[in-house]
Amino acid sequence: MLRSITVSAMAIIVLTILSVISVRFFLYENIQGQRILDQIDESVNVLHNSLIDQETGQRGYNLTNNPSFLEPYYQGMEDFSQSSKALAELMIKYPSLTAEIKELIEKGEYWHHHYGEPLVEMSQQGEAPSLELLSAGKQALDEFRLSSEVFFQHIEAERTVVREKMQTGIQITLVSLVISIIAIVCINVYINYRVLQSVVRPIIHLNDCVTAYTKHDFSKKIPVYERKDELSELIRNVDQMREELSSSFHTLKTEANADGLTGLFNRRYFDEYLEREWNTAKKEQKCLSLILFDIDYFKNYNDTYGHLEGDECLKKISHCLRTFQGGSLNFAARYGGEEFAVILINRTEQETRCIAEGMRQAVMDLNIPHASSDICDCVTISIGVATVIPTDRMEINDFIHMADQALYLSKKNGRNQVTMYRPGAE
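Glancing now at the overall build of the protein chain. Each helix and strand counted, the protein chain has eleven helices and five strands in total. Within the protein chain, buried positions represent 38% of all 426 residues. Approximately 24700 Å² of the protein chain is accessible, and the part contributed by carbon and sulfur atoms is 56%.

The following block contains the structure:
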């Protein structure tokens, strides 16, 4: 089995390397082709502009007899000559455009020899060109311009051809690679399947199970083994060990995360849970809500009824949280002393406020007597709520501070109420 895996891996590596080389080759061909087309495009553009410069200089000289107009005319002649030479070299590198390039150069030379140069000489000799000659010259120049526009379209078409050739080559290479890898994997799977029909498969499975159990993952089931031998006895013993470890670990984990008095989650697990949900909400851009509340005048309650009754009061409120709306709260914890915390996931601010109001009313409905309260004859709670969509600019401590500030405002404004956090609120 190891030999087949090794050979398959080596074959896949070799095929991958060959495919990478092929892809790089097609990319290089595309880059080279596009680069040559860029050079042709630039040279033709210079060729076109040089002839326009000649025509402009020639026409200006014919109309004004001002020798300064001959400067762009002669410069255009020089640029035309250099562009023609450059295009002659590029035709060798890109022969598919040879006919179009030659036609364009010939039309430019035809205008220069039959109309541009003769009209300049006539002006130098003081002769006026005929309307027929001027009209024929304009027609020849228009044909050159039209050919230039058509040629630019040919260049764009050639660019598309070069790109499509590259894309086709890359697609064929990748498809061939995928098909080859699938074939190798299928062959390898078939070979390994025949090997794993024997004892190797249950042993490997059993080893995976034991590894998972050491990481406290007891969901992995032991392998099914039909034979009656030493291996089957070992598998049964491992399964019994899994059940015992799972039960013990679950008990320890529950005790470690639970508050001893109320049965709710403790502050340590609250911090772990909030950090995990904060990162998830930030990644998925979902709302996260934190409800903080404490019992109004709880010190007075303890002074009046005693600490044992105070503990009973905490237990009743904790039981109310656990059973609130059929246990629909995502997470409830004893935050410290008489203060509690509830975390809600993917709830809107309005939904969170409604839940907080329901919690406040549910505690009042317990009708726990509180003779030393300054606001009510039964136990009440003050609640602060913060709802955010976490961002990279926010910290968890900022989030907790928002809810804590809202709780402070609930107390300051008379207690037994729900306050939503608002930036700048006092």
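Next up on the list: the environment of tyrosine 297. Structurally, tyrosine 297 is set in the loop between strand E1 (288–295) and helix H8 (298–305). Residues tyrosine 297 and serine 373 lie 76 residues apart in sequence; the distance between their C-alpha atoms is 5.9 Å. Not counting residues within four places of it along the chain, the set of residues in contact with tyrosine 297 comprises His370, Ser373, Asp374, Ile375 and Arg415.

Overall, mixed pairing links the five strands, which are arranged E2-E3-E1-E4-E5 in an open sheet. On the outer flanks of this sheet lie strand E2 (331–336) and strand E5 (418–420), each paired with one strand and no other. Pairs of neighbouring strands in the sheet enclose a mean axial angle of 20 degrees, with direction left out of account. As defined by bridge partners, E1 adjoins strand E3 (residues 339–345) across seven bridges and the pair is classed as antiparallel. If you follow isoleucine 291 over to E3, its bridge partner there is valine 342. Contacting E1, E2, E3 and strand E4 (381–388), helix H7 (residues 267–284) runs over the sheet at an angle of about 130 degrees to E2. Along the sheet face, helix H10 (residues 349–365) touches E1, E3, E4 and E5 and points at about 165 degrees away from the line of E4.

A separate point is the nonpolar core. It is characteristic of soluble globular proteins that their nonpolar side chains tend to be buried jointly. Formed by 29 residues in total, the largest nonpolar core has its most connected members in Ile291, Ile295 and Leu321. Listed in part, the 26 residues of the second largest apolar core include Leu37, Leu104, Leu141 and Ile155.

Turning our eyes to something else, we now look at the packing of H8 against helix H9 (residues 307–323). Following both chains from N to C, one finds H8 and H9 inclined at 130 degrees, their axes separated by 7 Å at the closest point. With respect to each other, H8 and H9 are oriented oblique. Contact with H8, carried on its side by Phe298, Tyr301, Asn302 and Tyr305, involves His307, Glu309, Gly310, Cys313 and Leu314 of H9 and no other residues of that element. Residue composition of the contact of H8 with H9, by class: five nonpolar, three polar and one charged.

Most of E3 is tucked away, with six of its seven residues classed as buried. Pairing analysis gives five bridges linking E2 to E3, with the strands arranged antiparallel. Bridged to alanine 332 within E3 is valine 342.

Here we take up the pairing of E4. For E4, a buried count of eight out of eight residues is recorded, marking the element as mostly surrounded by other parts of the structure. Covered by surrounding structure in E4 are Ile381, Ile383, Val385 and Thr387 together with Ser382, Gly384, Ala386 and Val388, the residues of both alternating faces. Since E4 and E5 lie parallel, the crossover through helix H11 (residues 396–412) that links them has a hand, and here it is left-handed.

This paragraph deals with the pattern of salt bridges. Two side chains that carry opposite charge are able to pair once their charged atoms sit near each other. All chains considered together, the criterion is met by 17 salt bridges. Across the pair arginine 360 and glutamate 357 runs a salt bridge whose closest N-O atoms are separated by 3.3 Å. Taken together, the positions of arginine 360 and glutamate 357, both in helix H10 and three residues apart, correspond to about one turn of that helix. Linked through salt bridges whose partners overlap, the residues forming this network are Asp38, Glu156 and Arg159.

Tracing the chain through its elements places phenylalanine 270 in helix H7. Linking phenylalanine 270 and asparagine 257, residues 13 residues apart in sequence, is a C-alpha distance of 8.6 Å.

Let us look at unusual backbone geometry. Leaving glycine aside, a negative phi is the common case for residues, and trans is the common case for peptide bonds. A positive phi angle is found at asparagine 65, which is not glycine, with a value near 60 degrees. By relative accessible area, asparagine 65 is classed as partly exposed at 47%. Unlike most non-glycine residues, arginine 415 shows phi in positive territory, near 65 degrees. Tracing the backbone through its elements, the reader meets arginine 415 in the loop between H11 and E5.

Structurally, glutamine 58 is set in helix H1 (residues 2–64). In this view, glutamine 58 contacts Tyr73, Trp111, Gly116, Leu119 and Val120; residues no more than four positions away in its chain are not counted.

This part covers H1. Given a rise of 1.5 Å per residue, 63 residues ought to cover 93 Å, and the 92 Å separating the end C-alpha atoms of H1 matches this to within 8%. Phi turns positive one or two residues past the end of H1, at asparagine 65, with a value near 60 degrees.

Each value, and the rule that gives it
- Residues numbered from 1 in each chain as written.
- Predicted model: local features only at pLDDT ≥ 70, side-chain atom pairs only at ≥ 80, totals over all residues.
- Heavy atoms only, no water.
- Helix = DSSP H or I, 4+ residues; strand = E, 2+ residues; numbered from the N terminus.
- Buried < 20%, exposed > 50% of the residue type's maximum accessible area, 1.4 Å probe, protein only.
- Areas by Shrake-Rupley, 256 points an atom, 1.4 Å probe, with all protein chains shown as cover.
- Contact = heavy atoms within 4.5 Å.
- Pairing = 2+ DSSP bridges.
- Axes fitted to C-alpha atoms, helices over the stretch in contact; angles between N-to-C directions.
- Core = buried A, V, L, I, M, F, W, Y, C linked by side-chain atoms within 4.5 Å.
- Parallel < 35°, antiparallel > 145°, perpendicular 65-115°, else oblique.
- Nonpolar A, V, L, I, M, F, W, Y, C, P; charged D, E, K, R; others polar.
- Right-handed = clockwise from strand over helix to strand, strands pointing away.
- Salt bridge = Lys/Arg side-chain N within 4 Å of Asp/Glu carboxyl O.
- Expected span 1.5 Å × (residues − 1).

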